[in-house]
Amino acid sequence: MATGLKLNGRQKAAILLISMGKEASSKVFKHLQEEEIDQLTLSIASIHKVDTSEKEEVLQEFHDMCIAQDFLAMGGINYAQDVLENALGKDRANQIIQRLTTQLQVKPFDFARRIDPMQIYHFLQNEHPQTIALVLAHLEQEQASLILSSLPGDLQSDVARRIALLEQTSPEVIKEVEQILEKKLATTIRQDFTVVGGIDSIVSILNGVDRGTEKSILEHLEMNDKELVEEIKKRMFVFEDIISLDRRAIQRVIQEVENQDLLLSLKAASPEVKKVIMENMSKRMQETFEEEMQFLGPVRVKDVEEAQGRIVSVIRRLEDMGEIVISRGGTDEFVL
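Thresholds, definitions, all that
Residues numbered from 1 in each chain as written. Predicted model: local features only at pLDDT ≥ 70, side-chain atom pairs only at ≥ 80, totals over all residues. Heavy atoms only, no water. Helix = DSSP H or I, 4+ residues; strand = E, 2+ residues; numbered from the N terminus. Buried < 20%, exposed > 50% of the residue type's maximum accessible area, 1.4 Å probe, protein only. Contact = heavy atoms within 4.5 Å. Areas by Shrake-Rupley, 256 points an atom, 1.4 Å probe, with all protein chains shown as cover. Salt bridge = Lys/Arg side-chain N within 4 Å of Asp/Glu carboxyl O. Axes fitted to C-alpha atoms, helices over the stretch in contact; angles between N-to-C directions. Parallel < 35°, antiparallel > 145°, perpendicular 65-115°, else oblique. Left-handed = near helix turned anticlockwise from the far one by under 90°. Nonpolar A, V, L, I, M, F, W, Y, C, P; charged D, E, K, R; others polar. Polar contact = N/O pair within 3.5 Å; in protein donor to acceptor, adjacent residues only side chain to side chain. Core = buried A, V, L, I, M, F, W, Y, C linked by side-chain atoms within 4.5 Å. Expected span 1.5 Å × (residues − 1). Patch = residues over 30% accessible without salt bridge, like charges linked within 9 Å, V, L, I, M, F, W, Y side chains within 5 Å. Lys, Arg positive; Asp, Glu negative; His and termini not counted. Charge placed at Lys NZ, Arg CZ, Asp CG, Glu CD. pLDDT = per-residue confidence, 0-100.

A.B. asks: In this structure, what is going on with the overall build of the chain? I would like to understand it.
C.D. replies: Each helix and strand counted, the chain has 18 helices and 2 strands in total. Across the 336 residues that make up the chain, the buried fraction comes to 37%. Excluding contacts between residues fewer than 6 apart, the proportion of contacts in the chain whose partners are at least 24 apart in sequence is 73%. With an accessible surface of roughly 20100 Å², the chain has 49% of that area assigned to carbon and sulfur atoms.

Here it is in structure tokens:
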């Protein structure tokens, strides 16, 4: 069926619901999420009249998609392709199959993102560290952080290292692990080829654990791979994150860092970062820095990055000494 209409998916869904009538549409809404209901409601409200041609085309497309879904379930992609080509022609069959396969692509371990992380932990705690790393790298950051925090100390650092060193993972390996999870959790899933893990992945996870867990993992890692730990530390707190510190911490950092490093960093800092730092300086220091920045002239990006790196090192040192606190997703412990 050639389409002459330029309707997006939401508009087609709205027309379909209008065509189905109030009673049937209300039953569909019961199975939708709140955000989806809001979006469809707005689309329906914006449609004042549905042309017969639009209605027929949307209904026909919906019918074709339902039939194609049945064919896929019966015999897979090739079977559905053959049947649809015989019924609708090659071009139309290709359109439907392409749309369906796009919809069917689900991120690996998608089912696990909707499961209590402690259930996943109980399954993973006795698995090989590489298996744990693979699963955690696919989960939401909050889930992965909670599970990593719950693992024994020596296992935490091993898993963290494996996540950091993960690169491209083959579909076969993912499929094997998913099948085990499927049996344990009685869930049906599909997998897709993906690249997960790496430094960014473990940084994201460590940013969500408590300071004690983070410190323990990094200390164990440093015994075997100092370069990896340094790279992780660089990415865990960047210069722009200084806006997340409280006023006392920022003032302590200003006292500790070299004025030249601070000057270079502010020269290229965002307005938000510059405002926060300047507000925590004395009035005299503000005036001095504003004057010096005007006469500083162009600066090399490399010099700015190195200066910001030195400031971040000071911040992390002050945190290690207990003089400032960097807010994290985990629960900080206090001794009274």
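The rest of the description comes next.
A.B. asks: Just checking my understanding: could you explain the pattern of salt bridges for this structure?
C.D. replies: Per the counting criterion, the structure on display carries 8 salt bridges. Each of Arg252, Glu256, Arg317 and Glu323 takes part in one network of salt bridges that share partners.

A.B. asks: I tried to follow the side chain of Gln308 on my own but got confused; where do I start?
C.D. replies: Within the fold, Gln308 resides in helix α18 (residues 301-320). What makes Gln308 buried here is its relative accessible area of 12%. Among residues more than four places away in sequence, those in contact with Gln308 are Phe239, Glu240 and Ser265.

A.B. asks: Would you mind showing me how to read the packing of helix α15 (residues 259-267) against α18 here?
C.D. replies: If you want to describe how two helices pack, look at the angle between their axes and the distance between the axes. Here α15 crosses α18 at 125 degrees, and the two axes come no closer than 8 Å. Between α15 and α18, the angle falls in the class oblique. Where α15 crosses over α18, the two elements pack in a sense that is left-handed. Residues Asp261, Leu262, Leu264 and Ser265 of α15 form the contact with α18, whose participating residues are Asp303, Val304, Ala307, Gln308, Arg310 and Ile311. Of the residues contributing to the contact of α15 with α18, the split by class is 5 nonpolar, 2 polar and 3 charged.

A.B. asks: Sorry, what's going on with the packing of α15 against helix α17 (residues 283-296) here?
C.D. replies: Viewed as axis vectors pointing N to C, α15 and α17 meet at an angle of 65 degrees, and their least axial separation amounts to 10 Å. Classified by chirality, the crossing of α17 by α15 is right-handed. Across from Asn259, Leu262, Leu263, Leu264, Leu266 and Lys267 in α15, the residues of α17 making contact are Met285, Phe289, Glu292, Met293 and Leu296. Split into classes, the residues belonging to the contact of α15 with α17 amount to 8 nonpolar, 1 polar and 2 charged.

A.B. asks: How should α15 be read in this particular structure?
C.D. replies: Buried residues of α15: Asp261, Leu262, Leu263, Leu264, Ser265 and Leu266, and no others. Considering only its buried residues, α15 is in contact with α14 (247-256), α16 (271-279), α17 and α18.

A.B. asks: What is the right way to look at the side chain of Asn280 in this model?
C.D. replies: By secondary structure assignment, the location of Asn280 is in the loop between α16 and α17. Take Asn280: its relative accessible area is 9%, and that puts it in the buried class. Within the local environment of Asn280, its side chain forms a polar contact with the backbone oxygen of Val276, the two atoms lying 2.7 Å apart. If we skip the residues at most four places from it in the chain, Asn280 touches Arg247, Ile250, Gln251 and Ile254.

A.B. asks: Explanation requested: the nonpolar core in the structure shown.
C.D. replies: In globular proteins that are soluble, nonpolar side chains generally tend to be buried together. Counting residues in each nonpolar core, the largest one holds 36 residues, and the members touching the most others are Leu136, Leu148, Val159, Ile163, Ile202, Leu206 and Ile232. The element best represented in this core is helix α7 (residues 129-138), accounting for 6 residues. The residues touching Val159, leaving out its near neighbours within four places in the chain, are Pro129, Ile132, Ala133, Leu136, Leu148 and Leu151. Among the nonpolar cores identified, the runner-up in size contains 27 residues, and Phe239, Met293, Leu318 and Ile324 belong to it.

A.B. asks: I tried to follow α18 on my own but got confused; where do I start?
C.D. replies: An α-helix turns once every 3.6 residues. As a result, residues three or four positions apart point the same way. Along its 20 residues, α18 runs 29 Å from first to last C-alpha, staying within 8% of the 28 Å computed at 1.5 Å per residue. Taken from the residues just after α18, Gly322 is the one with a positive phi, measuring 80 degrees.

A.B. asks: Where do I start with a negative patch on the surface in this structure?
C.D. replies: A cluster of acidic side chains, namely Glu287, Glu290, Glu291 and Glu292, defines a negative patch on the protein surface. Within the secondary structure, Glu292 is located in helix α17.

A.B. asks: Even after reading the chapter, I still don't get the confidence of the model for the chain, so can you show me in this structure?
C.D. replies: Atom-level detail of predicted coordinates should not be read off regions where pLDDT is low. On average, residues of the chain score 75 in pLDDT, and 73% of them reach the 70 mark or higher. Between the elements of the chain, mean pLDDT differs from a low of 46, seen in strand β2 (residues 194-195), to a high of 92, seen in α14. Between residues 187-195, whose pLDDT stays under 50, and residues either more than four places distant or in other chains, the model counts 28 contacts. Low pLDDT, under 50, characterises residues 329-336; the stretch is placed with 8 contacts to residues that sit more than four places away or in other chains.

A.B. asks: What's the story with the environment of Arg310 in this structure? I'm lost.
C.D. replies: In this structure, Arg310 sits in helix α18. When the C-alpha positions of Arg310 and Val257 are compared, they lie 8.1 Å apart, and in sequence the two are 53 residues distant.

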